[in-house]
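A structural walkthrough
Each chain, letter by letter, is given below.
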There are 2 protein chains.
Amino acid sequence: MSETKAWSVDKLRVFVVDLLTGLNVPSSDAKDVANALIRAHLRGYDTHGLSCLVGYVEALKENRINPQPDIKFDQRTSWTWLVDGDNGLGQIAATRAMELALKEATKIGIGAGLVRGSNHFGAAGVYSLMAVEKECIGIVTSNASCVTAPHGAVEPMLGTNPLSVVVPAGKCPPFALDMATSSGSRKKVREALASRKPIPSGWALNKQGEPTTDPGEALEGVMLSFGGAKGSGITLLVDILSGVLTGAEFGGRVLSVFTNQERASNNGHFMLAMKIESFMPVESFKRRMDEELTRILNLKPADPQRPVFYPGYRSGLQEAKQLEVGIPLSVDLVGKLEEIGSLHGVRFPK
Amino acid sequence: MSETKAWSVDKLRVFVVDLLTGLNVPSSDAKDVANALIRAHLRGYDTHGLSCLVGYVEALKENRINPQPDIKFDQRTSWTWLVDGDNGLGQIAATRAMELALKEATKIGIGAGLVRGSNHFGAAGVYSLMAVEKECIGIVTSNASCVTAPHGAVEPMLGTNPLSVVVPAGKCPPFALDMATSSGSRKKVREALASRKPIPSGWALNKQGEPTTDPGEALEGVMLSFGGAKGSGITLLVDILSGVLTGAEFGGRVLSVFTNQERASNNGHFMLAMKIESFMPVESFKRRMDEELTRILNLKPADPQRPVFYPGYRSGLQEAKQLEVGIPLSVDLVGKLEEIGSLHGVRFPK
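This write-up is about the structure you can find in this document. Since the structure is predicted, the reported quantities are computational estimates derived from the model, not experimental observations. (Residues numbered from 1 in each chain as written. Chains lettered and ligands numbered in written order. Predicted model: local features only at pLDDT ≥ 70, side-chain atom pairs only at ≥ 80, totals over all residues. Heavy atoms only, no water.)

Further remarks concern the relation of the copies chain B and chain A. With an axial shift of 0.0 Å and an RMSD of 0.0 Å, the rotation relating chain B to chain A amounts to 180 degrees. On the angle and the small slide along the axis, the relation comes out as a two-fold axis. For chain B, the minimum C-alpha distance to the rotation axis belongs to B:Gly227 and amounts to 1.9 Å. In this assembly the copies share their binding face: 100% of the residues contributing to the interface of chain B also contribute to that of chain A. (Least-squares fit on C-alpha atoms with pLDDT ≥ 70 in both. Contact = heavy atoms within 4.5 Å.)

The next subject is the layout of surface pockets. All names here are of chain B. Computed from the structure, the second largest pocket encloses a volume of approximately 410 Å³. Looking at the second largest pocket, it is lined by 19 residues, and the ones nearest its centre are Asn35, Ala36, Arg39, Val126 and Met130. Among the secondary structure elements, those contributing two or more residues to the lining of the second largest pocket are helix 1 (9-21), helix 2 (27-42), helix 4 (90-108), helix 5 (125-128) and helix 10 (313-325). Here the element with the most residues in the lining of the second largest pocket is helix 2; it accounts for 6 residues. Of the residues that constitute the lining of the second largest pocket, the class distribution is 10 nonpolar, 2 polar and 7 charged. (1 Å grid on protein atoms, 1.4 Å probe; cavity = no way out; pocket = protein on both sides within 12 Å on 5 of 7 lines; lining within 4 Å. Points joined across faces, edges and corners; volume = space filled by probe spheres on them. Helix = DSSP H or I, 4+ residues; strand = E, 2+ residues; numbered from the N terminus. Nonpolar A, V, L, I, M, F, W, Y, C, P; charged D, E, K, R; others polar.)

Right, let's get into the side chain of B:Glu104. Residues and elements named next belong to chain B. Along the chain, the position of Glu104 falls in helix 4. In terms of polar contacts, Glu104 uses its side chain to reach the side chain of Trp81, at 2.8 Å. Ignoring any residue separated from it by four or fewer positions in sequence, one finds Glu104 in contact with Gln75, Ser78, Trp79, Trp81, Gly109, Ile110 and Gly111. (Polar contact = N/O pair within 3.5 Å; in protein donor to acceptor, adjacent residues only side chain to side chain.)

Turning our eyes to something else, we now look at the environment of B:Gly117. Residues and elements named next belong to chain B. Considering the arrangement of structural elements, one finds Gly117 in strand 4 (residues 110-118). In this structure Gly117 comes out as buried when scored by relative accessible area, which is 14%. Ignoring anything within four residues of it in the chain, the contact list for Gly117 reads Asp84, Gly85, Asp86, Asn87, Gly88, Asn266 and Asn267. (Buried < 20%, exposed > 50% of the residue type's maximum accessible area, 1.4 Å probe, protein only.)

What follows deals with the side chain of A:His269. All names here are of chain A. For His269, the location among the structural elements is in strand 12 (residues 267-275). A residue is classified by how much of its surface remains accessible, and His269, at 0% relative accessible area, is buried. Side chain to side chain, His269 and Ser118 meet in a polar contact 2.7 Å long. Beyond its immediate chain neighbours, meaning those up to four positions away, His269 contacts Gly90, Ala94, Gly113, Leu114, Val115, Ser118, Asn119, Phe121, Thr141, Ser142, Ser242 and Thr246.

All names here are of chain A. Extensive coverage of strand 4 (residues 110-118) is indicated by the burial of 8 of its 9 residues. Relative to strand 4, strand 3 (residues 80-84) runs parallel, the two being bridged by 5 bridges. Each residue of the ladder has a partner; that of Leu82, found in strand 4, is Leu114. The handedness of the strand 3 to strand 4 crossover, carried by helix 4 (residues 90-108), is right-handed. Bridging between strand 4 and strand 12 involves 7 bridges; their strand directions are antiparallel. By the bridge assignment for strand 12, Val115 is matched with His269. (Pairing = 2+ DSSP bridges. Right-handed = clockwise from strand over helix to strand, strands pointing away.)

Hydrogen bonding along the main chain pairs the strands of a sheet, whether they run parallel or antiparallel. Residues and elements named next belong to chain A. If you walk across this open sheet you meet the 4 strands as 6-11-9-10, and the pairing is mixed. Edge positions in the sheet fall to strand 6 (148-149) and strand 10 (211-212), since each of these pairs with one other strand and no more. Looking at chain direction, strand 9 (residues 204-205) and strand 11 (residues 222-224) are connected through 2 bridges and run antiparallel. Note that in strand 11 the partner of Ala204 across the bridge is Met223.

On to helix 4 of chain A. The end-to-end C-alpha distance of helix 4 of chain A, which contains 19 residues, comes to 27 Å, matching closely the 27 Å that a straight helix rising 1.5 Å per residue would cover. Backbone geometry just after helix 4 of chain A places A:Gly109 at a positive phi near 100 degrees. (Expected span 1.5 Å × (residues − 1).)

So, on to unusual backbone geometry. Its identity as a non-glycine residue notwithstanding, A:Asn24 has a phi of 75 degrees, on the positive side. As for its position among the elements, A:Asn24 is in the loop between helix 1 (9-21) and helix 2 (27-42).

Here the focus is the nonpolar core. B:Leu272 and B:Met274 are the most contacted members of the largest nonpolar core, which has 83 residues in total. With 61 residues, the next largest nonpolar core counts A:Leu37, A:Ala101, A:Val115 and A:Ala124 among its residues. (Core = buried A, V, L, I, M, F, W, Y, C linked by side-chain atoms within 4.5 Å.)

Let us look at the packing of helix 2 of chain A against helix 10 (residues 313-325) of chain A. Think of two packed helices as two axes; the pair is described by the angle between the axes and how far apart they sit. All names here are of chain A. At their nearest, the axes of helix 2 and helix 10 sit 8 Å apart, and the two run at 110 degrees to each other. In terms of axis orientation, helix 2 runs roughly perpendicular to helix 10. Here helix 2 contributes Arg39, His41 and Leu42 to the contact with helix 10, which in turn contributes Ser315, Gln318, Glu319, Gln322 and Leu323. (Axes fitted to C-alpha atoms, helices over the stretch in contact; angles between N-to-C directions. Parallel < 35°, antiparallel > 145°, perpendicular 65-115°, else oblique.)

Right, let's get into the interface of chain B and chain A. Frequently, the measure chosen for interface size is the accessible area removed from exposure when the parts meet. Each partner contributes to the interface: chain B provides 73 residues, whereas chain A provides 74 residues. Here chain B packs against chain A, burying approximately 5900 Å² in sum over the two surfaces, 69% of which is carbon and sulfur. Interface area lost by chain B to chain A is led by B:Lys230, B:Phe279 and B:Glu292, which between them contribute 12%. Linking chain B with chain A are 4 salt bridges. (Buried area = accessible area lost by both parts, 1.4 Å probe. Salt bridge = Lys/Arg side-chain N within 4 Å of Asp/Glu carboxyl O.)

The next point concerns the packing of aromatic side chains. How two aromatic rings sit relative to each other is set out by the distance from centre to centre and by the angle between their planes. Tallying each qualifying case throughout the model produces 15 aromatic pairs over all chains. The interplanar angle of 80 degrees and the centroid separation of 5.5 Å between the aromatic rings of A:Phe279 and B:Trp79 together place this pair among those described as edge-to-face. Of this pair, A:Phe279 sits in the loop between strand 12 and helix 9 (282-297) while B:Trp79 is found in the loop between strand 2 (72-75) and strand 3 (80-84), placing the two residues in two different chains. Assessed through its relative accessible area of 0%, B:Trp79 is described here as buried. Of the aromatic side chains, those joined through ring pairs into one cluster are A:Trp7, A:Phe15 and A:Phe348. A:Lys5 extends its terminal NZ or CZ atom over the ring of A:Trp7, reaching a point 5.1 Å from the ring centre. (Phe/Tyr/Trp six-rings, centres within 6.5 Å; stacked < 30°, edge-to-face > 60°. Lys NZ or Arg CZ within 6 Å of the ring centre and 35° of its normal.)

Attention shifts here to the environment of A:Ala101. With respect to the helices and strands, the residue A:Ala101 is situated in helix 4. Remark: the alpha-carbon pair of A:Ala101 and A:Gly341, spanning 240 residues in sequence, is separated by 35 Å.

For the rest of this paragraph, the subject is empty space enclosed by the protein. Enumeration according to the criterion identifies 2 cavities of 30 Å³ or more in this entry. By volume, the largest cavity is sized at about 390 Å³. Along the wall of the largest cavity there are 23 residues; nearest its centre are A:Ile139, A:Leu163, B:Ile139, B:Leu163 and B:Leu237. Residue assignment for the lining of the largest cavity shows that the elements contributing at least two residues are strand 5 (136-142), strand 7 (163-167), helix 8 (228-244) and strand 12 of chain A together with strand 5 (136-142), strand 7 (163-167), helix 8 (228-244) and strand 12 (267-275) of chain B. Partitioned by chemical class, the residues of the lining of the largest cavity number 21 nonpolar, 2 polar and no charged. In this structure, the second largest cavity encloses a volume near 30 Å³. What lines the second largest cavity is simply A:Ala144, A:Met157, A:Leu158, A:Gly159, A:Asp239, A:Phe250, A:Gly251, A:Gly252, A:Arg253 and A:Val254. When the residues that make up the lining of the second largest cavity are grouped by side-chain class, the tally is 5 nonpolar, 3 polar and 2 charged.

Time to look at the packing of helix 1 of chain B against helix 2 of chain B. All names here are of chain B. The geometry of helix 1 relative to helix 2 is characterised by a closest axis approach of 8 Å and an angle of 135 degrees between their N-to-C directions. By the criterion of interaxial angle, the relationship of helix 1 to helix 2 is oblique. For the pair helix 1 and helix 2, the sense of crossing is right-handed. Where helix 1 approaches helix 2, its residues Val9, Leu12, Arg13, Val16, Val17, Leu20 and Thr21 are matched on the opposing element by Ser27, Ala30, Lys31, Val33, Ala34, Asn35, Ile38 and Leu42. Class assignment of the residues belonging to the contact of helix 1 with helix 2 gives a composition of 10 nonpolar, 3 polar and 2 charged. (Left-handed = near helix turned anticlockwise from the far one by under 90°.)

Keep in mind these values describe shape, not function.
Printed below as a string of structure tokens:
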């Protein structure tokens with residue numbers, strides 16, 4: 001990306017909080033949203049960062065997202081909490097749900113927070129990463145609006161359905177898997193079309209239901225899960241955990257908050273926290289994790305120019321660095337944020 | 001496969017139990033092994049069925065597998081059990097671990113059984129399926145001997161590392177994902193070489209570390225995870241849960257019991273059971289699952305001759321049918337079982 005200078009976390013947080021509180025979002029909720037969006041940039045998940053604000057602000061102004069949700073909490077067992085997000089910004093209920101899961105995990109070794117009535121929550125990895133400082137393994141899934149065809153079908157019924165699992169380590173950055181269980185995004189297909197490039201095989205079917213690498217054909221057809229039939233099974237599992245089990249929508253009926261809609265999106269999220277001490281002493285575990293992760297880093301790479309790494313390695317290093325030097329943003333994104341800021345009387349920081 | 005007649009579960013169980021008890025395996029342990037191997041056939045996982053006996057018997061005779069393991073159980077928290085398989089047949093410790101996980105899940109809604117000191121345990125789905133009759137979600141992972149290169153590497157460090165998740169439904173057969181997290185197996189690559197066919201792209205790298213669909217080149221190179229970088233992250237996660245977290249081997253040091261070896265394989269397995277009632281009333285959940293799964297079955301297929309299904313659908317129907325009519329076995333497998341039986345004075349049933 002074409003980058004400009006770097007922004008401090010604090011300055012960006014003030015901007016997001018001022019913008020959202022101006023739209024009647026309570027200040028503490030706005031801080032949770034800001035933290036989630038900014039951490040996405042720190043980890044390199046820029047597609048799930050501040051650019052989401054454009055859609056959120058529009059939805060808040062049109063009352064498609066409830067700015068002041070009355071979030072409900074129901075403790076169903078000693079370890080499970082059901083959270084109803086009351087159609088607020090997804091980050092609010094999601095943050096609460098992982099906090100509750102971690103509270104129970106700290107007490108009895110395991111906790112779960114299940115969310116219904118939510119919206120787009122940004123990057124799944126932001127919530128699973130909350131488990132690290134509590135010495136827990138964090139698992140987060142969410143369902144999403146209908147764009148992906150299950151394996152063998154030519155109709156979409158699933159979403160990008162992210163899955164994130166974070167496992168603490170010792171000296172190594174934590175293992176942090178954070179992935180869409182769909183293959184590519186339609187956004188990337190449109191980019192390929194604009195630049196006249198093919199898309200990778202396995203991403204899409206044309207409208208006849210045949211595999212295609214032509215972006216134009218793909219846009220008329222359907223997107224696929226990652227990893228063929230196996231990946232499709234995982235995308236469906238994410239919908240079961242996030243939608244069927246939580247009481248949210250499922251089976252293709254979650255809506256996108258980024259497009260106009262008649263009713264609430266009703267996304268669901270599933271969050272599980274497991275304390276390492278439930279299984280083995282945390283220091284032994286961390287030594288073992290460091291050994292596992294160091295082995296990965298030391299493997300001979302297929303391309304000598306591209307060392308082998310594990311999920312979370314580069315994001316962890318990037319986060320540590322950017323917390324010191326600030327977050328670079330693309331010129332394009334800065335322009336959008338300046339525009340949305342000036343529309344709402346909030347100055348984007350220099 | 002070239003099939004002969006069908007065998008009843010009872011006759012096959014008697015054969016396996018007689019064969020194993022003749023090799024000093026206690027009768028109750030032999031029954032667990034028999035049930036696991038036979039259920040693999042019932043579900044259509046024939047590669048993880050009775051053919052495994054050939055390798056098991058050899059390993060038992062050479063004392064590479066302990067016929068009479070002193071399995072140790074350590075309850076670490078209210079919901080976690082650590083099981084040491086004492087280098088016995090993998091099915092024995094794995095069955096115990098899932099039983100313990102389900103016992104705790106029945107009491108407090110969640111249970112985990114972590115196994116170290118184990119061996120090849122057959123099909124992961126056999127253990128996750130045990131969760132269904134207890135109205136639980138069952139999750140099972142295992143690590144395995146070193147054949148798979150992590151994404152970006154040309155050296156293997158991971159195994160076939162199976163992942164299975166089973167979710168009960170109402171009238172529909174349960175959702176039952178049961179997959180190797182590697183792409184194809186080396187066995188299938190050898191079959192492709194023999195029949196002079198290419199292997200699918202994404203399965204393997206040649207010895208220069210380049211993608212190849214040539215089976216000969218693949219056999220000189222390394223196998224890959226399913227689903228590219230994302231799938232590789234999941235294969236590594238399975239090693240973390242099954243090996244790092246359980247106290248078993250990990251990071252490429254699990255051995256195969258099917259090849260000669262100097263020390264115990266030390267596979268690890270991770271098993272988690274979550275009771276549906278911990279999240280929502282089970283009857284509501286089953287109605288929602290049936291709705292989810294029926295939607296999948298009713299999707300328009302890409303190939304009109306191949307209806308869309310979900311993981312576990314065909315296996316569930318096959319199991320119900322074969323419990324009535326018996327299990328067909330390939331002529332080749334029957335020949336092997338007759339031979340191994342006659343070598344050990346146990347007649348394979350007609």
